[in-house]
Amino acid sequence: MRKLRVVIAKPGLDGHDRGAKVIARALRDAGMEVIYTGLRQTPEQIVGAALQEDADVIGLSILSGAHNHIAPKLMDLLKEKGLDDVLVVIGGIIPDVDVPRLKEIGVKGIFLPGTPMKDIIDFITAHARVRV
Amino acid sequence: MRTAAETERQRWERETLAPALADAPEREVAFTTISGWPIERLYSADVEALDPPAPGDFPYTRGIHPSGYRGKLWTMRQFAGFGTPEDTNARYKGLLGAGGTGLSVAFDLPTLMGRDPDHELSLGEVGKCGVNITSLADMERLFDGIAVGDITTSMTINSPAAIVLAMYLVVAEKQGAGWRTLSGTIQNDILKEFIAQKEYIFPPRPSMRLITDVFAFCSNEAPRWNTISVSGYHIREAGSTALQELAFTLRDGIEYVQWGVDAGLDVDDFVPRMSFFFNAHSGFFEEIAKYRAARTLWAEAMRDRFGARNERSWKLRFHSQTAGVSLTAQQPHNNVIRTAIQALSAVLGGTNSLHTNSLDEALALPTAEAATLALRTQQIIAHESGVTEVVDPLGGSYFVERLTKDLENGARAYFDQIDRMGGMVEAIEEGFPQREVAESAYRYQQAVERNEKIVVGVNGFEQQTDVHVDRLYIDDRAADTQLARLESLRRTRDNADVARALDRLRAVAVGSGNLMPPILDAVRAYATLGEMCDALRDVWGEYEERPVL
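The present account deals with the structure reproduced in this document. These figures come from a predicted structure and were not determined experimentally.

**Focus: the pattern of salt bridges**
All names here are of chain B.
Moving on, step 1. Counted according to the given criterion, the structure contains 65 salt bridges over all chains.
Moving on, step 2. Where Asp406 meets Arg402, a salt bridge forms, and the shortest distance between an N and an O atom there is 3.1 Å. One end of the pair, Asp406, and the other, Arg402, are both in helix 15 (residues 398–421), four residues apart, so they sit about a helical turn from each other.
Moving on, step 3. For Arg402, a relative accessible area of 14% gives the class buried.
Moving on, step 4. A salt bridge links Glu408 to Lys405, with the shortest nitrogen-to-oxygen separation between them at 3.5 Å. Of the two residues, Glu408 and Lys405 are both situated in helix 15; the distance of three residues between them amounts to about one turn of the helix.
Moving on, step 5. Relative accessible area serves as the criterion here: at 2%, Glu408 is assigned to the buried category.
Moving on, step 6. By relative accessible area, which is 21% here, Lys405 ends up partly exposed.

Written as structure tokens, this is what we have:
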């Protein structure tokens, strides 16, 4: 079985990348292949990176409140490119009231502050597509 | 030869301690601060560390004021901003009415990044993390009914700091308040953006020019304005240790002074208007020692490294804010206690102004009720605890004095390392401080994952039932308003005048003149923040970092 390939991305204008970088390292230490996009990526750039890197998982780090605009755009683009089977998860500050809507459009995992790394690793391992 | 104190210490260890440990071992093999700094069991008289000069005397370890808080309390300055300028204006009037003594503006990400609300990357960000300021018109709305000549205002903005300061100066002008008496602070600290918070626009070198231009302009035109707030806060939030926060912030300060001197300014003309901003984190004694060490290191660097002769150049003044990163989404009421302990450390360390975080800030921007409770926390420390009645009450504490010295020495070692790289700009270009911070952040996270560090409610003492707190929810109304305003502004202003002002700004940016005058002209013409930043982008380009994991 090949290693899971994960794109960790920071969309929007926010530069607070502590969470994105810590999770990128934790996933790498857990044996996944991690590609960190760096800051201020548009949904188009993130989907482009996922396509180019043949990613199984996209992890978005969003703290600024822009998730309601960024996530739908990203999900539409993934569908358009035929990447429906890429697992999308979001970590950051997401108000409770926004969670159902994000799940509805296909974001599978939403991780709020204080989530143990192990929970995130287990979730990704359980839900990402398996390829040989 | 053993001293009497050493002999006595050995007797204590043998006769008193050893039997007690045999009875009941300690909880851990080794104890460390939240930063991972090793802590001994007991600190005793230590001649080198124990007796720093009195408060008000060089190097100000015990404080810059001889009478501490017996004269004037610290400024209670609560950082706030969200939505439209009117939304934030209402919050300010509430804070001033509740006994707040200064304002502190939080800007949204489009403003911080120099983008107008209609830019692609502003999508979903307008008014979310702070107030949106697109042009001078918004700054006028923000301070409507607030006399800027009577208050002090702190503005947390960096890459476009010169532009936002210019907007504030023009508001003062329109209100009839003179620049010479205008008082407040602009953060204007780009180095920590490259190191930690990453809200940079231009490459390091032109960014440094903007900053020294503000130094030069204000020392002539607005001499009471604090032209920079050299910030460790964000470095700490990004995961640094207390020592790294101290060392990188002070070394950033030294870098700014060096660039000012290289630009031909006299140290004693601009350094007295430099201020600092530190994090008040959870490691109580370590934080107190950090503030004391910071004052000491700055005084020495200004006097000995730069030959400053004015005492005001030697005195480090600082704002502090409790640690946002320590707040938990779980059991949010616990955050009130965390904040109180952190605030107390800042006060015992001699902070000159303080922001206390609200209990709901791991979830959203604070509600008005939560922000009021945070302010009350400061007022209780100031008026009920009695800690303000003695100057530097922890002076002479074996532990605090030793830790102060240890942090000073650790910071000096970092200074040497960064000096060898050629300075902080060079160190940043090499990714050195970025790597150090990322490493510490990861190490701390691992310590939490392994339960070596306990965060109450997160990896210890969890509870399943959800505790309800009210939350501020910011919808897209502010974005709609600001977009409509931008459109109307572009229709109603004199666009030829704007174009001329932007051309002048570009021309000065290509050359080497002070950028403040052309920025002020563009502001007065109602050029937008995005247009002014674009003019500078045309000349200088944008910075892109190589991500360091």
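Next comes the rest of the account.
**Topic: the nonpolar core**
Moving on, step 1. Ile8 and Leu27 of chain A together with Leu250, Tyr256, Met274, Trp298 and Met302 of chain B are the most contacted members of the largest nonpolar core, which totals 94 residues.
Moving on, step 2. It is helix 11 (residues 284–305) of chain B that provides the largest number of residues to this core, a total of nine residues.
Moving on, step 3. If we skip the residues at most four places from it in the chain, Ile8 of chain A touches Ala20, Ile23, Ala24, Leu27, Val34, Ile35, Tyr36, Thr37 and Gly59 of chain A.
Moving on, step 4. With 68 residues, the next largest nonpolar core counts Leu109, Trp179, Leu505 and Leu520 of chain B among its residues.

**Things to note about helix 13 (residues 334–348) of chain B**
All names here are of chain B.
Moving on, step 1. The end-to-end C-alpha separation of helix 13 is 22 Å, in line with the 21 Å expected for 15 residues at 1.5 Å each.
Moving on, step 2. Where helix 13 is concerned, the buried positions are Asn335, Arg338, Thr339, Gln342, Ala343, Ser345, Ala346, Val347 and Leu348.
Moving on, step 3. Its buried side turned inward, helix 13 meets strand 9 (274–280), helix 11, strand 10 (318–322), strand 11 (353–355) and helix 14 (368–383).
Moving on, step 4. Where helix 13 ends, the next residue or the one after it, Gly350, has phi of about 85 degrees, a positive value.

**Notes on the sheet that holds strand 4 (residues 87–92) of chain A**
What links the strands of a sheet is backbone hydrogen bonding, and the strands pair in either a parallel or an antiparallel sense.
All names here are of chain A.
Moving on, step 1. Strand order across the open sheet formed by five strands is 2-1-3-4-5, with parallel pairing between neighbours. Of all strands in the sheet, those bounded by a partner on one side alone are strand 2 (33–36) and strand 5 (109–111). Taken over all neighbouring pairs, the strand axes of this sheet differ in orientation by 20 degrees on average, direction set aside.
Moving on, step 2. Across six bridges, the pairing between strand 3 (residues 57–62) and strand 4 is parallel. Following the sheet pairing, Ser61 is matched in strand 4 by Gly91.

**A closer look at the packing of helix 13 of chain B against helix 14 of chain B**
All names here are of chain B.
Moving on, step 1. For the pair helix 13 and helix 14, the least separation of the axes is 10 Å and the interaxial angle reads 45 degrees. In terms of orientation, helix 13 lies oblique with respect to helix 14. In this structure, helix 13 meets helix 14 at a crossing whose hand is right-handed. Here helix 13 contributes Val336, Ala340, Ala343, Leu344 and Val347 to the contact with helix 14, which in turn contributes Leu373, Thr377 and Ile381.

**Side note on the layout of surface pockets**
Moving on, step 1. Of the volumes computed, that of the second largest pocket is approximately 660 Å³.
Moving on, step 2. Lining the second largest pocket are 27 residues; nearest its centre among them are Leu112 of chain A together with Ala329, Gln330, Gln331 and Asp466 of chain B.
Moving on, step 3. Within the lining of the second largest pocket, the residues separate by chemical class into 15 nonpolar, eight polar and four charged.

Criteria and thresholds
Residue indices follow the written sequence of each chain, beginning from 1 at its first position. The order in which chains are written sets their letters, starting at A; the order in which ligands are written sets their numbers, starting at 1. For a predicted model such as this one, the threshold for reporting local features is a pLDDT of at least 70, and the threshold for listing and counting side-chain atom pairs is 80 or more; totals across whole chains, interfaces and linings nevertheless cover every residue. Calculated side-chain values reflect all of the structure's heavy atoms, with hydrogen atoms and water omitted. Put simply, a salt bridge is a Lys or Arg side-chain nitrogen that is within 4 Å of an Asp or Glu carboxyl oxygen. In this text, helices come from DSSP runs of H or I with a minimum length of four residues, and strands from runs of E with a minimum of two, each type numbered from the N-terminal end. Burial classification: accessible surface area is computed with a 1.4 Å probe over protein chains only, and a residue below 20% of its type maximum counts as buried, one above 50% as exposed, and the rest as partly exposed. Joining through side-chain atoms within 4.5 Å is the link that ties buried Ala, Val, Leu, Ile, Met, Phe, Trp, Tyr and Cys residues into a set, and such a set is a nonpolar core. The criterion used for residue contact is that any of the two residues' heavy atoms lie within 4.5 Å. Every helix has an expected span of 1.5 Å times one less than the residues it contains. DSSP-based pairing: two strands are paired if at least 2 bridges between them are found. Only C-alpha atoms enter the line fits that serve as axes; for helices the fit covers just the stretch in contact. Angles between N-to-C directions range over 0 to 180 degrees. Here the angle decides the label: under 35 degrees means roughly parallel, over 145 means roughly antiparallel, 65 to 115 means roughly perpendicular, and every other value means oblique. For a crossing to be left-handed, the near helix must be turned anticlockwise from the far one by less than a right angle; the clockwise case is right-handed. Put simply, the grid is 1 Å and covers the protein atoms alone, a cavity is a trapped set of points that fit a 1.4 Å probe, a pocket is an open set with protein on both sides within 12 Å along at least five of seven lines, and lining residues have an atom within 4 Å of a point. Grid points are joined across faces, edges and corners, and a volume is the space filled by probe spheres set on the points. Gly counts as polar in this scheme, as do all residues outside two lists: the nonpolar Ala, Val, Leu, Ile, Met, Phe, Trp, Tyr, Cys and Pro, and the charged Asp, Glu, Lys and Arg.

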